[in-house]
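Structural features, examined
This is what each chain is made of:
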Amino acid sequence: MSQNQPGRPGQSQERPTRCGDVLPEAGGHAGEAIAPRAADMMQSAENRVLGRTPNDSPASVMESAATRNKQRGVVSNAPGLQSVSVTQTDIPGSPGQNLVTKFVPGQAVGQYVIYRGAGDGDQGGGGCSVAMWTDKVTIGEALEATATTAGDKTVEPSDAAAIQAAEATAMGVNAVTPGGVAAAAQAAAAANASRDRDDDKTRLGQVVKDAAMRLPVDKVATRQDAERVLAAEMRNSPDLLTYPGGVGASMVAAARLNQQR
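Only a predicted model underlies this, so the values are computations on that prediction, with no experimental measurement involved.

Cut-offs and rules
- Residues numbered from 1 in each chain as written.
- Predicted model: local features only at pLDDT ≥ 70, side-chain atom pairs only at ≥ 80, totals over all residues.
- Heavy atoms only, no water.
- Axes fitted to C-alpha atoms, helices over the stretch in contact; angles between N-to-C directions.
- Helix = DSSP H or I, 4+ residues; strand = E, 2+ residues; numbered from the N terminus.
- Parallel < 35°, antiparallel > 145°, perpendicular 65-115°, else oblique.
- Left-handed = near helix turned anticlockwise from the far one by under 90°.
- Contact = heavy atoms within 4.5 Å.
- Nonpolar A, V, L, I, M, F, W, Y, C, P; charged D, E, K, R; others polar.
- Salt bridge = Lys/Arg side-chain N within 4 Å of Asp/Glu carboxyl O.
- Buried < 20%, exposed > 50% of the residue type's maximum accessible area, 1.4 Å probe, protein only.

1. Some points on the packing of helix H5 (residues 157-171) against helix H9 (residues 223-235)
- Look at H5 against H9: their axes get within 7 Å of each other, and the N-to-C directions meet at 155°. Classed by the angle they form, the pair H5 and H9 counts as roughly antiparallel. Relative to H9, H5 is oriented so that their crossing is right-handed. Facing Ser158, Ala161, Ala162, Ala165, Ala166, Ala168 and Thr169 of H5, the residues of H9 in contact are Asp225, Arg228, Val229, Ala232 and Glu233.
- Looking at side-chain class alone, the contact of H5 with H9 contains seven nonpolar, two polar and three charged residues.

Here it is, written out as C-alpha cells:
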C-alpha cells in the first residue's frame, strides 16, 4: 500500500502543523491545527493594518502551514480561531520601524517589528519587511495575564502604582499617558476608594484585559522591569506586600519565562 494513502481508522496519521508551532504565545490555541480559514483571517487582519503581508510574517507562515496541512489531508477547513486582530504602533526614536502585535481571542500571540523602506519591491513605492520577531513575553502581555490570575481583585492604589511603573518602563517615560492603562487604573483606584459596596468597585481584570493593545509602545519584560514594578506595588501597599497573582507577580513570572527562552 502506498505511503501516501490515508490510513485506516485507528492507524497513526501524520501530525498537522498547529498554531503553537508558528505562534510562540498561542496559549490555549497552541494545539489547534492551522486550517485555511484561520490563515485567511490572520492574513486579512494583517492586510487591513499593514496594507500587505510582509514576507516571513506570522500570516505568511500560517498560510504556508495551512496549505501543507490541506495537501496532506491532516486538517479540515473548520474555522478554528474565531477572530484575529492586528495592531501597529510607531516605535519612538526608530523612524520607519513599527511594532506589530497579533491577537487571537483573549490573548496576544506574538509581536514583530517591521521596517518600512522605499523601493524594496512594493509597487506602491514603499515596502515593508520583517526586521525582528520576538517570542518573549512583553510587559503588556504580562499585564493582560493579571486579568486571569487576579482579575476579580478590586483596583487599589498599590495596583495602580504597579501598572504605572509597568507602563512607564514599557514606554521609557515617567509621565502617565492620557487614556492609557495607568490612567485607567488610577481613576479606578480613586473611584473604588469612595464606593462602599464591593459590587460597585472596578476590578483589576477590567483595567488590564487589553493592556498590550492600549500600550503605545511595548517591550520584552526583564528582571529589572519586574523589580521596578514590585517595588512600586509594595511601596503603595498598607502592609508593604504584593498581591498573589497581581501585577508584580505577573511581571516576575514573565521575566522568569523570558530568561528561559
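2. Observations concerning the pattern of salt bridges
- Counted according to the given criterion, the structure contains eight salt bridges.
- Across the pair aspartate 199 and arginine 197 runs a salt bridge, and its minimum N-O distance is 3.7 Å.
- We classify arginine 197 as partly exposed; its relative accessible area is 49%.
- What emerges from the salt-bridge pattern is a single network uniting Lys153, Glu156 and Asp159.

3. Section: the environment of proline 157
- As for its placement among the helices and strands, proline 157 is situated in helix H5.
- Sequence separation between proline 157 and alanine 185 is 28 residues, and the spatial gap between their C-alpha atoms is 8.3 Å.
- In this structure, proline 157 is in contact with Ala189 and Asn236, ignoring residues within four places of it in sequence.

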